[in-house]
Amino acid sequence: LEPFDADEYIERLAWRTPGGGSKGGAEAFDPKKLLEEFVNHIEELKQLDERIQRKVEKLEQQCHREAKEFAHKVQDLQRSNQVAFQHFQELDEHISYVATKVCHLGDQLEGVNTPRQRAVEAQRLMTYFNEFLDGELRSDVFNNPDKIKEAADIIQKLHLIAQELPFDRFSDVKAKIASKYHDLERQLIQEFTAAQRRGEIGRMREVAAVLLHFKGYAHCVDVYIKQCQEGAYMRNDVFEDIAILCQRVNKQVGEVFCSPETVMAKLIQSIFENKIQAHVKERLDETRNSDVEQYLKNLYDLYTRTTALAAKLSDFNLGSDKHTFLSKLIKNIFSCYLESYIDMERQYLQNRSGMILQRYYDSKNHQKRPVGTGSIQELKERIRQRTNLPLGPSIDTHGETFLSQEVVVNLLQETRHAFERCNKLSDPADLPKNAFSIFLLLVEYLCVDHIDYALEIGLSAIPSADAKNVNLYFLDVVQQANTIFHLFDKQFNDHLMPLISSSPKLTECLHKKKEVIEQMEVKLDTGIDRTLNCMIGQMKHILATEQKKTDFKPEDENNVMIQYTTACSKVCAYVSKQVERVRRSMDGKNVDTVLTELGVRFHRLIHEHLQQFSYSSMGGMLAICDVAEYRRSAKDFRVPLVLQLFDTLHALCNLLVVAPDNLKQVCSGEQLTNLDRNLLHAFVQLRVDYRSARLGRHFS
């Protein structure tokens, strides 16, 4: 229902009253009628209010009466509940009293019954003992195959009793009981075996429970272990077969034996000591002396798969110390192989690495040159490093760098396999030492016998600085050596560091690596320096051959048609090739370092070369054009210092053509103001008109 609205109620009342509507209604508005209607309606409302009030009072009185009656009923129920609770307490006390009496009576009955049962049991055993004493087993329990469980219980107890009897008086009966004991034990084992073959888990569990108190219980377990392995090894993968077998047996032993963890441990021990050990011995012994590579691969594979199998088996309940148990089984199988592992690994790696290198040099028809050692060789090396003198005869390698990425990849691959095997097969305490010994072999064969040897050959192949028309292969050696070293460094970080990172061997490895790098860097620096000298020598040869004195003092000053000289053109072409070659051969900051050195030497060469000539006015212009072309070549270096040097040289060449009166102004320019006055004077002296125009006074 909607809430009461007084205004709306009055509006409806007025609307229903004749003459009480709006002015536009059917009847004219009559306030008297409306007032009269309101007065009458108010009177009716008062009467209605009185009637409702009387009804409310009547209902309140009725509610009070019913509340009093309900309160009386609740009081009566509480009194009844209290009486019932008292009766319950009395009953509980009575039950406790009776229970105490019953327990006491039960204790008394048990005190009487237990000796009685023992007496009955003793009498029963004496009866059976008498049958053995008489030599005739008349009881049905010994003759009925269906009562073998009851017979086993009796004979087991008689066997214990017989052991306490003196041998001289009861030797015969003891022998008969023992014979029957072993006979029943044999029958139970046969019954267990038959039930296992039939797959009757319930019967197996029942027989195993009876055999538990017999000495042959262990034999029962052995029979079970032997039978459950029959037909289990049908695949080529013995480890997969074992995993499936153990998974199946683990579900079964809990249903058959009361101590499944013991049976499961014994099964796994049997598998390791027999099946796995025989498999490992067969796989390893056939290759140990004939194929060392295959032997190491097999050892790694077998050990890895055995440890993986042990990890799966550790999920089973094998007792409290199952991890030690499994580790001991693995150690018993592999200890004789792991003791000699690292020696065989190192020997194989030595032979394999030597063969890879020898095969490469044989393919090149190259007989390795002995690299000298000792004090004389060290002295020669120090002299060569400091003076760049080519001690010893220079050889022609015909462009061969004697570095092979394929050889390097093969060496690194063999070493990577060795690191993987070392990580898996080494004792944790020996792992850093073993990994370091493998690293030393990598250094010996890759860094010393291959890279360092190639650097030595490359150094020997660098011609003298004054040689003509030579092809410089040492930069190719640098490029390939750099690529190889990146591969070497990656293997160092990826495969060696994880094995030694937490051992003292880390410092030793880092020191050895640093030593090797420094030795190679010294030879690389020496070779690059001598190669740059050869480049400058080639440029010097081009200039000496192509540059004529008449280039800068043309006979006809007015008919010079060339933009720059032939010598300049050929030198710039040669420089462009060498810059590109350096960029291909180097990486990182080495590019800028080598190009800076080459650019400085290139500038020095051109600077000294220009000072060998005298320049006419047109010859000076040609010199400026040449230097401008040299400056364009200098831009290829992308080295600010080199470009600055050629900018300064270009400014110096302006002194060859400027009017005498403007010399002082040009010398005070931005690019020449900081140069030595003697250097400026030396360039001015190269002018043909130096003496005739008395230019020296401008420098006084």
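From a predicted model like this one, the values you see are computed outputs, not experimental measurements.

Caption draft 1: View of helix H23 (residues 677-684). Looking at H23, one finds that the buried residues are Leu680, Phe683 and Val684. Down the axis of H23, the buried side of the element spans an arc of 105 degrees, and every buried residue falls inside it. On its buried side, H23 packs onto helix H19 (589-610), helix H21 (640-653) and helix H22 (663-667). The N-cap of H23, judged by a side-chain oxygen 2.9 Å from the amide nitrogen of Asn678 a few residues on, is Asp676.

Caption draft 2: Just the packing of aromatic side chains, in detail. Applying the stated rule across the entire model yields 15 aromatic pairs. On the basis of an interplanar angle of 75 degrees and a centroid distance of 5.1 Å, the ring pair of Tyr224 and Phe257 is categorised as edge-to-face. In this pair, Tyr224 sits in helix H7 (residues 217-228) while Phe257 sits in the loop between helix H8 (238-256) and helix H9 (260-285), placing the two residues 33 residues apart along the sequence. In terms of burial, Tyr224 and Phe257 fall into one category: buried. Pairwise contacts between aromatic rings join Phe436, Phe439, Phe485, Phe488 and Phe492 into one cluster. We note Lys275 situated over the ring of Tyr233; from NZ or CZ to the ring centre the distance is 4.6 Å.

Caption draft 3: A look at the environment of Thr531. The residue Thr531 is located in helix H17 (residues 505-546) in this model. As for Thr531 and Ile462, which are separated by 69 residues in sequence, their C-alpha atoms are 6.8 Å apart. For Thr531, the residues in contact, after removing those within four places along its chain, are Ile462, Leu472, Phe474 and Leu475. For Thr531, the side chain forms a polar contact with the main-chain oxygen of Gly527, separated by 2.6 Å.

Caption draft 4: Region of the structure containing the layout of surface pockets. The space that makes up the second largest pocket amounts to roughly 520 Å³. Lining the second largest pocket are 21 residues; nearest its centre among them are Glu521, Leu524, Asp525, Ile528 and Asn590. Those elements that place two or more of their residues in the lining of the second largest pocket are helix H16 (474-500), H17 and H19. Per-element accounting of the lining of the second largest pocket gives the leading share, eight residues, to H17. Its residues placed into classes, the lining of the second largest pocket shows 10 nonpolar, five polar and six charged.

Caption draft 5: Up close: the side chain of Gln491. When you line up the elements, Gln491 lands in helix H16. Setting aside chain neighbours within four positions, we find Gln491 in contact with Leu412, Thr415, Arg416, Phe419, Leu442 and Leu496.

Caption draft 6: Main features of unusual backbone geometry. In this structure, Phe402 is a non-glycine residue whose phi angle is positive, near 60 degrees. Tracing the chain through its elements places Phe402 in the loop between helix H13 (375-387) and helix H14 (405-425). Phe402 sits in the buried class, given a relative accessible area of 8%. Even without being glycine, Arg638 reaches a positive phi, approximately 55 degrees. Within the fold, Arg638 resides in the loop between helix H20 (617-635) and H21.

Caption draft 7: Region of the structure containing the UniProt feature "coiled-coil region" (unreviewed entry) in the protein chain. Taking the numbering used here, the UniProt-annotated feature "coiled-coil region" (unreviewed entry) corresponds to residues 35-69. Between the C-alpha atoms that bound residues 35-69 there is a distance of 52 Å. The span itself is 100% helix and 0% strand.

Caption draft 8: Fine view of the pattern of salt bridges. Enumeration according to the criterion identifies 23 salt bridges in this entry. In this structure, Arg79 engages Asp76 in a salt bridge whose closest nitrogen and oxygen atoms are separated by 2.1 Å. Placement of both Arg79 and Asp76 in helix H2 (residues 31-134) is noted, with a separation of three residues, approximately one turn of the helix. Looking at Asp76, the relative accessible area reads 39%, which means it is partly exposed. A salt bridge links Arg581 to Asp476; its shortest N-O distance comes to 3.5 Å. Of the two residues, Arg581 sits in helix H18 (residues 566-585) while Asp476 sits in helix H16, which places them 105 residues apart along the sequence. Of the residues examined, Arg581 reaches a relative accessible area of 11% and is grouped as buried. Via salt bridges that share partners, Asp452, Glu456 and Lys523 belong to a single interconnected network.

Caption draft 9: Molecular detail of a negative patch on the surface. Taken together, the side chains of Glu43, Glu44, Asp49 and Glu50 define an acidic patch exposed on the protein surface. Here Glu43 shows up in helix H2. On the basis of relative accessible area, Glu43 is assigned to the partly exposed category, the value being 42%.

Caption draft 10: Quick look at the packing of H18 against H20. Running from N to C, H18 and H20 cross one another at 5 degrees; their axes reach a closest spacing of 10 Å. As judged from the angle between their axes, H18 and H20 are roughly parallel. Residues Ala567, Cys568, Val571, Cys572 and Val575 of H18 pack against Asp626, Glu629, Tyr630 and Ser633 of H20. Residues belonging to the contact of H18 with H20 are distributed by class as follows: six nonpolar, one polar and two charged.

Calculation criteria
Residues numbered from 1 in each chain as written. Predicted model: local features only at pLDDT ≥ 70, side-chain atom pairs only at ≥ 80, totals over all residues. Heavy atoms only, no water. Buried < 20%, exposed > 50% of the residue type's maximum accessible area, 1.4 Å probe, protein only. Helix = DSSP H or I, 4+ residues; strand = E, 2+ residues; numbered from the N terminus. Arc of directions from axis to C-beta. Contact = heavy atoms within 4.5 Å. Polar contact = N/O pair within 3.5 Å; in protein donor to acceptor, adjacent residues only side chain to side chain. Phe/Tyr/Trp six-rings, centres within 6.5 Å; stacked < 30°, edge-to-face > 60°. Lys NZ or Arg CZ within 6 Å of the ring centre and 35° of its normal. 1 Å grid on protein atoms, 1.4 Å probe; cavity = no way out; pocket = protein on both sides within 12 Å on 5 of 7 lines; lining within 4 Å. Points joined across faces, edges and corners; volume = space filled by probe spheres on them. Nonpolar A, V, L, I, M, F, W, Y, C, P; charged D, E, K, R; others polar. UniProt positions renumbered as here; feature names shortened; annotations may be inferred. Salt bridge = Lys/Arg side-chain N within 4 Å of Asp/Glu carboxyl O. Patch = residues over 30% accessible without salt bridge, like charges linked within 9 Å, V, L, I, M, F, W, Y side chains within 5 Å. Areas by Shrake-Rupley, 256 points an atom, 1.4 Å probe, with all protein chains shown as cover. Lys, Arg positive; Asp, Glu negative; His and termini not counted. Charge placed at Lys NZ, Arg CZ, Asp CG, Glu CD. Axes fitted to C-alpha atoms, helices over the stretch in contact; angles between N-to-C directions. Parallel < 35°, antiparallel > 145°, perpendicular 65-115°, else oblique.

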